[in-house]
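Take a look at the letters that make up each chain.
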Amino acid sequence: TTARYGTGAPHTPITGAAQAGAGRLQPVYGALMSERLPSYARLDGRVMRYVRTRSFLLTTFAEILNVTGRRNVASFAYDSTYTRREAVNSFFSQRTLVVGGELMLR
């Protein structure tokens, strides 16, 4: 098993928008690194099996990434007016099953 925990990475929030000319908006940033992402937690589990003979080594495994199914936040995405933000989840935010093997000939 592998357990990971992080207190949440610091980031600079976008607090609003300002006119940038030609009707475009540009983000207005808050204080540098003044906010943190939500805490990160992930639990993985793996089962392995080795089969050794004189002529080969077979390794097989099955693992579950993010056993608890926790949706960890990797960053935030903002709408075009910078008034609303939405969490962007990390790549392994969904429970994932991985099965594999390796054959080594001697």
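An account of the accompanying structure is given in this report. (Residues numbered from 1 in each chain as written. Predicted model: local features only at pLDDT ≥ 70, side-chain atom pairs only at ≥ 80, totals over all residues. Heavy atoms only, no water.)

Considerations on the pairing of strand S8 (residues 73-78)
For a regular strand, side chains alternate in direction, first toward one face of the sheet and then toward the other. Rule in force here: Two strands qualify as a pair provided that DSSP identifies no fewer than 2 bridges between them. Under the scheme used here, helices are H or I runs from DSSP no shorter than 4 residues and strands are E runs no shorter than 2 residues, and both carry numbers assigned from the N terminus.
When S8 meets strand S9 (residues 85-89), the two strands line up antiparallel, connected through 5 bridges. From the neighbouring strand, Phe76 faces S9, where its bridge partner is Ala87. Linking two consecutive strands that pair antiparallel, namely S8 and S9, is a turn of 6 residues; a positive phi of about 60° is found at Tyr82 within it.

Structural notes on the sheet that holds strand S7 (residues 56-65)
Each strand in a sheet pairs with its neighbour through backbone hydrogen bonds, running either in the same direction (parallel) or in the opposite one (antiparallel). So the rule is basically this: A fitted line through C-alpha atoms serves as each axis, taken over the contacting stretch for helices, and the angle formed by two N-to-C directions is quoted from 0 to 180°.
Reading across from one edge, S1-S6-S7-S10 is the order of the 4 strands in this open sheet, with antiparallel pairing throughout. Only two strands of the sheet have a single neighbouring strand rather than two, namely strand S1 (2-6) and strand S10 (96-105). Neighbour to neighbour, the strand axes of the sheet diverge by 15° on average, direction disregarded. Note that S1 and strand S6 (residues 40-52) share 5 bridges and pair antiparallel. Its bridge partner being in S6, Tyr5 is matched across the sheet by Ala41.

A closer look at the environment of Ser34
What counts, and what does not: Each residue's exposure class comes from its accessible area (1.4 Å probe, protein chains only) as a fraction of the maximum for that residue type: buried when under 20%, exposed when over 50%, partly exposed otherwise. Here, two residues are considered to be in contact whenever any of their heavy atoms come within 4.5 Å of each other.
Along the polypeptide, Ser34 turns up in the loop between strand S4 (24-29) and strand S5 (35-36). Here Ser34 falls in the partly exposed class, since its relative accessible area comes to 45%. Remark: the alpha-carbon pair of Ser34 and Pro13, spanning 21 residues in sequence, is separated by 7.3 Å. Setting aside its immediate chain neighbours within four residues, Ser34 contacts His11 and Pro13.

Quick look at the environment of Ala77
When you line up the elements, Ala77 lands in strand S8. When the C-alpha positions of Ala77 and Val88 are compared, they lie 6.5 Å apart, and in sequence the two are 11 residues distant. Not counting the four nearest positions on each side in its chain, Ala77 is found in contact with Arg84, Arg85, Glu86 and Val88.

So, the pattern of salt bridges
The condition that has to hold: Salt-bridge detection follows one rule: a side-chain nitrogen of Lys or Arg within 4 Å of a carboxyl oxygen of Asp or Glu.
Evaluation of the coordinates by the stated rule reveals 5 salt bridges. One salt bridge connects Arg4 with Asp44, and the closest N-O pair in it is separated by 2.8 Å. A residue pair is termed long-range when its members are at least 10 positions apart, and Arg4 in strand S1 and Asp44 in strand S6 qualify at 40 residues. Across the pair Glu63 and Arg46 runs a salt bridge whose closest N-O atoms are separated by 3.1 Å. Taken as a pair, Glu63 in strand S7 and Arg46 in strand S6 lie far apart in primary sequence, 17 residues in all.

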